[in-house]
Amino acid sequence: MPLLFRLDHSIPFFKDNSFWSQASIVMFVFTLYKSVGETIEFACQGMLGTVLAAIVGGMLFLPFPYGVESQGYDDPAVLFGTLMAILAIFTTLLLNLSTLAQIFMLSNFVWHWMKFMDPGVAHGYHSHFMGVQLHSFMWIGLESVKTSCCGCVLAILVTLLPCPILAIRKAKGVSKDMVSIFGDTWETALTMYCSHCANVHEQAKIRHDMQRIQSHIGTFQSHISNSWWEAVFVPKYRRVRFLMTYLDSMATQTVDVFTHVINSCLREDFGETHNQLMEGCREDVQRLIHSAQDLLSLSTELVWKAGVRSADDREGLSRGIKSVNENVATLTTRFNSRKEDMGLEYLDLEVFDRAVILERKHLNYAVRNSLSTLLCLAIGYFGYSKMIPQLNAEIASTTGVLLSKFIGSSMTANLNRLQGVCLGVVVGELMYALLGWCSAWAWICLSAFLITWVSMTLFAYYNSEVYSTMGCLMAAFGAQQMLRGCSSDVVDPAITYHKVINCVVAIGVMSIVDMSLNLGLPSKAALRSYTEAWTKLQEEIASLFSVEVQHFDFPKDQIIKTVSDAKSLAAEAALEPRFWKEPWRGVTFKVALKSIEEVRLAISCIESQCAPDSEKERWFMRLLSIPAMQETVKPVLEKMQNMDQFIRNLDKKDVTDDELLSLAKHDDTWQRMQTSIGVLVNQAPRADSVLEVASLEEDRAALASFVLSCIYSVMIAMQELQGAILVG
């Protein structure tokens, strides 16, 4: 379709009204993505930026209808234009707009601004729209809006034809796989745990399945988010998306608890008590797992039907719920009976969001990119000899296109951008010089190469983490050079040379500014993010186990994001030049990331069982009021505080190895915790008889054991981290 519009000129409507240009190609590549929902979202963001640029560009001409009319700098229009440029660029980057909206706002605005500052176009501007000729500069942004809109519409059509690529359908496939993996993992865990001895093969399979579930959860959440636009236009999908959101919430909570339960199962010693208890409960556990798996599968199918649609659906759902409840009751009775027979004891127990705008990283992003764009705008305005022509907006426009909120190594990111833009421009210009003739054979060959080029680069863009940015830029700039319309003139390589110079200057300015105003080396930023998450976890654990605090709302998403930032920065830290410093301890930092995730997971599990509605349960408050429970928690909090010194040594050795080793030798928190748990078991109030509960989920002994198991997990994670730091 781009070939039809640009090379063939067979549609007069697009030709006469300037609905298609090279800018449409850039909009097309940046907008097109993996599903209809994502493409519509990107199209809205891109058009928002384009329209804002048109509005601000029109505002330039309100007090000065013909812009700058003389070369002298005493013209008040020059001062007005300069102030407007500074204000528009900084405000755009400061506001909580999407990156794509900022890209198209800046990349279009700099062209409008350069026209305002150019005396040569003051009286010669005109635009066409639906056969009407517009002479007013107030319509200066109309061309960009028309061409961008055409690129967006084309991208949306590509995802709709011949068959819509819907994110909601992708979510359906992911949910089926996710439910299937849930069932397989439960089955494997059951077989392993009910055995008389540990099976290394089954343990490895469980760990592998848990990684697959985590991956599917992330993909499922992404598809749900991207299906918002699809749900807007199709009423049935609204109900489906609502139910999907609930399924996602259930799956996320289940994975957290499930992961901890599996880790606890992997620590089982398979002693005599375990074997006797499982001998009488194995068949009941199996029936419960199978009935729960059948109910989950049925519920997932009903999600895709947008709920219960028939009497058969309602009957099947009721039958599944009844079966699960019966199996839960049977298992609970059998489990309590086995415990009694064995003599086991019981325990009775927005855009203008100020938080975003004033955030340190966001302010740094706004200042860095504003300065880069303004410097490139100044370089393009003044020019230099014949290398950089005067009134050249392409340098600043390139800076706008290359905007990124990447928080890692600026040098690595900018080198990737340079490769993508230069390769795209040079390859596109070269192929246009070879095949851009006005003949059938040339048109066919160029079309074939264009399809191959775009397919390869977009494949890298959609599927590669390392070459994603490079693939996108190669597709956009390469296609832009090839789709210029056929010509019988020989291509002048000087044009390409100037484009490469513009690109190098833009990326050079961005690199210098980024290195001058960055927030520190990736290694320091990674350690800072990790320490921030660790400190937050300390505060949350203290609040969770405080008998004086009734309300508890764990900020899981905030901590996950901070840890994710630390993980991304750690990958960049491995590439930074260390010079005289010691090599980056990448392996040790991976262990640290694993440990902090296990601590976060344990807190999430306790919250889900002990404070499901942000208020601690009565039985949990009673448990916390027992002195031995507080003595159990104290070593955990002390251990977390002591770990601060170990964590600081992940990058820079603030404490010597001998001091850390001495600290580890004198650390008795593990022994104190185990002693306190033994005292807790003896001091806790006993039930006179087996409690009549409908489910083990209401059994106070089981819940208390679950909490203690989570505490064990926290201590084990810290022990592993301490050992890794001492060894590494």
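Rules behind the numbers
Residues numbered from 1 in each chain as written. Predicted model: local features only at pLDDT ≥ 70, side-chain atom pairs only at ≥ 80, totals over all residues. Heavy atoms only, no water. Helix = DSSP H or I, 4+ residues; strand = E, 2+ residues; numbered from the N terminus. Buried < 20%, exposed > 50% of the residue type's maximum accessible area, 1.4 Å probe, protein only. Areas by Shrake-Rupley, 256 points an atom, 1.4 Å probe, with all protein chains shown as cover. Axes fitted to C-alpha atoms, helices over the stretch in contact; angles between N-to-C directions. Parallel < 35°, antiparallel > 145°, perpendicular 65-115°, else oblique. Left-handed = near helix turned anticlockwise from the far one by under 90°. Contact = heavy atoms within 4.5 Å. Nonpolar A, V, L, I, M, F, W, Y, C, P; charged D, E, K, R; others polar. Phe/Tyr/Trp six-rings, centres within 6.5 Å; stacked < 30°, edge-to-face > 60°. Patch = residues over 30% accessible without salt bridge, like charges linked within 9 Å, V, L, I, M, F, W, Y side chains within 5 Å. Salt bridge = Lys/Arg side-chain N within 4 Å of Asp/Glu carboxyl O. Lys, Arg positive; Asp, Glu negative; His and termini not counted. Charge placed at Lys NZ, Arg CZ, Asp CG, Glu CD. Disulfide = S-S within 2.5 Å. Core = buried A, V, L, I, M, F, W, Y, C linked by side-chain atoms within 4.5 Å. Expected span 1.5 Å × (residues − 1). pLDDT = per-residue confidence, 0-100.

> Would you mind going over the overall build of the chain with me for this structure?
For the chain, the count of helices and strands is 28 helices and 2 strands. In the chain, which comprises 728 residues, the share counted as buried stands at 49%. Surface accessibility of the chain: about 35,000 Å² in total, with carbon and sulfur atoms responsible for 61%.

> Mind showing me how you'd approach the packing of helix H4 (residues 36-60) against helix H6 (residues 99-117) here?
Running from amino to carboxyl end, H4 crosses H6 at an angle of 25 degrees, the nearest separation of the two axes being 7 Å. Here H4 is positioned roughly parallel relative to H6, judged by the angle of their axes. By crossing handedness, the relation of H4 to H6 is classed as right-handed. Facing Phe42, Gln45, Gly46, Leu48, Gly49, Thr50, Leu52, Ala53, Ala54, Val56, Gly57 and Leu60 of H4, the residues of H6 in contact are Leu100, Ala101, Phe104, Met105, Asn108, Phe109, His112, Trp113 and Phe116. The residue inventory of the contact of H4 with H6, partitioned by class, reads 14 nonpolar, 7 polar and no charged.

> So what exactly am I meant to see when it comes to the packing of aromatic side chains here?
Two numbers describe a pair of aromatic rings. These are the distance of the centres and the angle of the planes. Inspection of every chain in the model, using the stated rule, returns 18 aromatic pairs. Where Tyr33 meets Tyr462, the ring centres are 5.1 Å apart and the plane angle is 90 degrees; that geometry is what we call edge-to-face. Classification of Tyr462 as buried rests on a relative accessible area of 17%. Plain terms: the ring middles of Phe552 and Phe554 are 6.3 Å apart, the flat faces sit at 10 degrees to each other, and that makes the pair stacked. Since its relative accessible area comes to 1%, Phe552 is described here as buried. Here a set of aromatic residues connected by ring pairs shows up, and it is made of Tyr33, Phe42, Tyr461 and Tyr462.

> Before we go on, may I ask you to explain a positive patch on the surface in this structure?
The grouping of Arg169, Lys172, Lys176, Lys236, Arg239 and Arg309 at the surface amounts to a positive patch. Counting residues per element, the ones that place at least two in the positive patch are helix H8 (167-193) and helix H11 (235-266). The residue Arg239 is located in helix H11 in this model.

> Quick question: what am I supposed to make of the pattern of salt bridges here?
Pairs may arise between side chains of opposite charge once their charged atoms sit close together. As enumerated under the stated definition, the model contains 15 salt bridges in all. Note that Glu315 and Arg319 form a salt bridge whose closest N and O atoms lie 3.4 Å from each other. Of this pair, Glu315 and Arg319 both sit in helix H13 (residues 311-342), 4 residues apart, which is roughly one turn of the helix. Salt-bridge contacts for Arg600 lead to Glu597; the nearest nitrogen and oxygen are separated by 2.3 Å. With Arg600 and Glu597 both in helix H23 (residues 586-610) and 3 residues apart, the pair spans about one turn of that helix.

> What exactly am I supposed to notice about the state of the cysteines here?
Counted according to the given criterion, the structure contains 0 disulfides. In this structure Cys503 is not part of a disulfide, and its nearest cysteine sulfur, from Cys422, lies 4.0 Å away. A relative accessible area of 2% places Cys503 in the buried class.

> I keep staring at the side chain of Glu607 and nothing clicks. Help me out?
In this structure, Glu607 sits in helix H23. Look at Glu607: it is buried, it has no salt bridge, and the nearest opposite charge is Lys556 at 6.5 Å. In this structure Glu607 touches Phe552, Asp553, Phe554 and Pro612, once residues within four positions along its chain are discounted.

> Explain the nonpolar core here, please?
Counting residues in each nonpolar core, the largest one holds 81 residues, and the members touching the most others are Phe30, Phe109, Trp113, Leu377 and Leu458. Once residues within four sequence positions are removed from consideration, Phe30 is found in contact with Phe42, Leu100, Ile103, Phe104, Val401, Cys472, Leu473 and Ala476. Ala525, Val599, Ile677 and Ile711 belong to the second largest nonpolar core, which has 65 residues in total.

> Sorry, what's going on with the environment of Asn518 here?
Counting through the fold element by element, Asn518 comes out in the loop between helix H20 (493-517) and helix H21 (522-544). Residues Asn518 and Lys361, spaced 157 residues apart in sequence, show a C-alpha to C-alpha distance of 9.4 Å. Residues contacting Asn518, with those up to four places away along its chain left out, are Asn364 and Arg368.

> I'm lost on the environment of Thr159 in this one. Help?
Along the chain, the position of Thr159 falls in helix H7 (residues 142-160). Relative accessible area serves as the criterion here: at 1%, Thr159 is assigned to the buried category. A sequence separation of 120 residues divides Thr159 from Thr39, and the C-alpha atoms of the two residues are 7.7 Å apart. If sequence neighbours within four positions are ignored, Thr159 has contacts with Leu32, Tyr33, Ser35, Val36, Thr39, Pro164 and Ile165.

> I would appreciate a short explanation of helix H15 (residues 360-382) in the present structure.
With 23 residues, H15 extends 33 Å from end C-alpha to end C-alpha; this agrees with the ideal 33 Å at 1.5 Å per step. With its phi angle positive at about 70 degrees, Gly383 sits one or two positions after the end of H15.

> Sorry if this is basic, but what is going on with the packing of helix H5 (residues 76-94) against H6 here?
If you want to describe how two helices pack, look at the angle between their axes and the distance between the axes. Running from amino to carboxyl end, H5 crosses H6 at an angle of 180 degrees, the nearest separation of the two axes being 11 Å. Here H5 is positioned roughly antiparallel relative to H6, judged by the angle of their axes. On the side of H5, the interface is formed by Ala77, Val78, Phe80, Gly81, Thr82, Met84, Ala85, Ala88, Ile89, Thr92 and Leu93, while H6 contributes Gln102, Met105, Leu106, Phe109, Trp113, Phe116 and Met117. For the contact of H5 with H6, the per-class residue count stands at 14 nonpolar, 4 polar and no charged.

> What exactly am I supposed to notice about the side chain of Asn327 here?
With respect to the element layout, Asn327 can be found in helix H13. Taking relative accessible area as the criterion, Asn327 reaches 13% and is therefore assigned buried. Once you skip the residues sitting within four places of it in the chain, Asn327 turns out to touch Arg287, Leu288 and Ser291.

> Could you clarify how one ought to interpret unusual backbone geometry in this entry?
Backbone geometry follows two general trends: most residues other than glycine have a negative phi, and most peptide bonds adopt the trans configuration. The amide bond that connects Leu161 to the next residue, Pro162, takes the cis arrangement and shows omega of -5 degrees. The residue Pro162 is located in the loop between H7 and H8 in this model. One non-glycine residue, Ser385, lies in the positive phi region at around 50 degrees. Relative to the assigned elements, Ser385 resides in the loop between H15 and helix H16 (394-401).

> What am I meant to see in a nonpolar patch on the surface here?
Residues Phe90, Val367, Leu371, Leu375 and Leu517 make up a contiguous nonpolar surface patch of roughly 360 Å² in combined accessible area. Considering every element that reaches the nonpolar patch, the biggest residue donor is H15, with 3 residues. Considering the arrangement of structural elements, one finds Leu375 in helix H15. Judged by relative accessible area, Leu375 falls into the partly exposed class, the value being 39%.

> Whenever I open this one, the confidence of the model for the chain confuses me. Can you help?
Do not read the fine detail of predicted coordinates wherever pLDDT is low. Averaged over all residues, the pLDDT of the chain equals 81, while 85% of them reach at least 70. Summarising per-element confidence for the chain, the mean pLDDT is lowest in helix H1 (residues 2-6) (48) and highest in H5 (92). Taken together, the stretch residues 131-135 has pLDDT below 50 and engages in 12 contacts with residues farther than four places along the chain or on a different chain. Contacts from residues 687-692, a stretch scored under 50 in pLDDT, to residues over four places away or in other chains number 6 contacts.

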